Amino acid sequence: MKTNQSEELVKEPVKTDTKEAVIEITGLCKSFGGQEVLNNLSFKLFNGENLVVLGKSGSGKSVLIKCIVGLLKSDSGTIQVFNQDITKLTVKELGEVRQKIGFLFQSGALYDSMTVKENLEFPLRRMKEHVNQKEIDEKIKDVLENVGLADALDKMPSQLSGGMRKRISLARTIVVDPLIILYDEPTTGLDPVTSEEISLLINDVQKKYKTSSIIITHDIECARTTADRLIMLQDGQVYEKGSLNKFEKSTDELIMAFFK
Amino acid sequence: MKINIPVSKAKQLALHHTLKLSENTIAKTTMANNIITDFADVLLFIRLFIKETFSRKFEVREFFHQCFAIGYKSLPLVSVTGFIMGFVLTIQSRPALVSFGAVTMLPGMVAVSLIREMGPVITALICAGKIASGMGAELGSMKVTEQIEAMEVSSTHPMRFLVVTRVLAATFMIPLLILYADGLGIVGSWFGANIKGEVSLVLFFSQAFSHIGFVDLLPAVIKSFFFGAVIGLVGCYKGYNAGRGTESVGKAANSAVVLASLLVLVVDMIAVQITDML
């Protein structure tokens, strides 16, 4: 699966009315030292859709997805992932839910001391305990081909460019076949061409692996390319939600500031 | 003596002093709070470390990888340190022993000094500089670049994978490095003794070991394990709890060296007291 550059950039939105919610957040609150970051936030992520979360820096976008994956503990509210409230799970149960969630970190978060192959092996060995070395090698080869970096197997992260790091990081995320992928600013720090490649790759992953995704970004081009639906956060709450078309045509000043 | 100050000025002065006192009180309370919080953090870290050490899933491969990184890769530094310790100790002690006509005591004296005190403490201090700072910087930068969180998302407990393996590797490898440094120290001492005299290596070693007993070796080995544990724990604690910015990586490495070195000396002092009582 190579990135198809000629593909129509604005995608056909996934119909969500008949789909079930894979993530349902209700009344989520999170504050740090008295500063409220998320304030009674509620929304749903439907099966098979790419939900883009927009918002200014510091609006709580990254905190939101870290709460979803259990890296941060919410103060109140519920986070239902496949009908399991992750705020009430034990460490073991949380580990099981995490096997269904992939997380692409803003910085890539590749392990510096490991080669690309070892980076990809790491989650595979821990999350899929019964796979043998041959299956691991085949899976790694397959995902590296999917992100267009089959020849980077023995490279160290320090030998990779920013775009390559993001691709390898995405490969590490999809290597365990997650059902949901959380992207934390996937195109930050990349040039426009590489950003577009990454955005198209996100769509390719959605199609091939049938994933549902939350994409945190303030890159409007990335949002245009990947979004089936958007929500905008402001002061820790959902400020607006809807289709790309609705956002593009909005006369609201804050939304227009993003889409001008 | 009567002081004439206008009432308004007096009120201003009183308010100023009250505010200053309040500021001082707040600053002292904050400092005390910070110390208590830090102490509680350390206890929680140690508790979590112990819990994860005895968990079922031990990271054997990573443990041996860390043993290699801590043990094998420290050999050149420890070799030079050990050799120089013995060499310098011999050169410095020889004139005093010659003046008392006790130059034949030189190998025994050097061996006892090295094995009981100088070898363990100096090697541990050198290891604190190399290993604790390395752990602090490595874990600190892993935290800054979200690698620790990435590990957690991959269903891997970072404490088990990163901290337990490093602390245990340091605990087991540092005593071995210390014994190795002691051995090279005696070789260095032989070189030192041969500058102004002529002693065979076999005779020198035989004289040196004839003065070393079980009571010299055992306390030194036991305290070496504690040195290793302290170095590993401090290095990992500082790195694991580093702040978010790149500046905090440097701070974590720096404070790891300072605290580990200080604690090595404190552990040595306690060990000497205990040995003395037995």
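Here goes a summary of the coordinates provided. Owing to the predicted nature of the structure, the values given are computational and were not obtained by experimental measurement. (Residues numbered from 1 in each chain as written. Chains lettered and ligands numbered in written order. Predicted model: local features only at pLDDT ≥ 70, side-chain atom pairs only at ≥ 80, totals over all residues. Heavy atoms only, no water.)

## Some details on the nonpolar core
Membership of the largest hydrophobic core comes to 96 residues, with the highest contact counts inside it found for L64(A), I68(A) and I214(A). If you tally residues by element for this core, the top one is helix α6 (residues 158-193) of chain B, at 17 residues. With near-sequence residues (within four places) excluded, I214(A) lies in contact with I23(A), F43(A), L45(A), L51(A), V53(A), I65(A), I68(A), I181(A), L182(A) and Y183(A). Core analysis: the next-biggest nonpolar cluster, separate from the first, contains 43 residues, V52(A), L54(A), I255(A) and F259(A) among them. (Core = buried A, V, L, I, M, F, W, Y, C linked by side-chain atoms within 4.5 Å. Buried < 20%, exposed > 50% of the residue type's maximum accessible area, 1.4 Å probe, protein only. Helix = DSSP H or I, 4+ residues; strand = E, 2+ residues; numbered from the N terminus. Contact = heavy atoms within 4.5 Å.)

## Describing the sheet that holds strand β2 (residues 35-46) of chain A
Residues and elements named next belong to chain A. Here four strands make up an open sheet; going across it, the order is β2-β1-β4-β5 and the pairing antiparallel. Each end of this open sheet is capped by a strand with a single partner; those strands are β2 and β5 (84-85). Alignment of strand β1 (residues 21-32) against strand β4 (residues 76-81), held across five bridges, turns out to be antiparallel. Looking at β4, one finds that T26 is bridged to T78. (Pairing = 2+ DSSP bridges.)

## Quick look at the interface of chain A and chain B
Tallying the contact residues gives 24 residues for chain A and 15 residues for chain B. Across the interface of chain A and chain B, roughly 1,600 Å² is buried in total on both sides, 51% from carbon and sulfur atoms. Interface area lost by chain A to chain B is led by L71(A), Y111(A) and R126(A), which between them contribute 29%. Connecting chain A to chain B are four salt bridges. Between E152(B) and R98(A) there is a salt bridge, with the nearest N and O atoms lying 3.9 Å from each other. Along the contact surface separating chain A from chain B lie 10 residue pairs in polar contact (both at pLDDT 80 or more). With five residues, helix α3 (residues 116-127) of chain A is the single largest residue contributor to the side of chain A that touches chain B. (Buried area = accessible area lost by both parts, 1.4 Å probe. Salt bridge = Lys/Arg side-chain N within 4 Å of Asp/Glu carboxyl O. Polar contact = N/O pair within 3.5 Å; in protein donor to acceptor, adjacent residues only side chain to side chain.)

## Here we look at the sheet that holds strand β7 (residues 180-184) of chain A
Residues and elements named next belong to chain A. Pairing is mixed in the open sheet, where six strands are placed in the order β6-β7-β8-β3-β9-β10. Whereas interior strands pair on both sides, the edge strands pair on one side only; in this sheet they are β6 (101-104) and β10 (237-242). Strand-to-strand twist in this sheet, taken as the mean axis angle between neighbours without regard to direction, amounts to 20°. By the bridge criterion, five bridges tie strand β9 (residues 229-234) to β10 in an arrangement that is antiparallel. Among the inter-strand pairings, L230 is bridged to a residue of β10, identified as G242. (Axes fitted to C-alpha atoms, helices over the stretch in contact; angles between N-to-C directions.)

The analysis is restricted to geometry; functional conclusions fall outside its scope.
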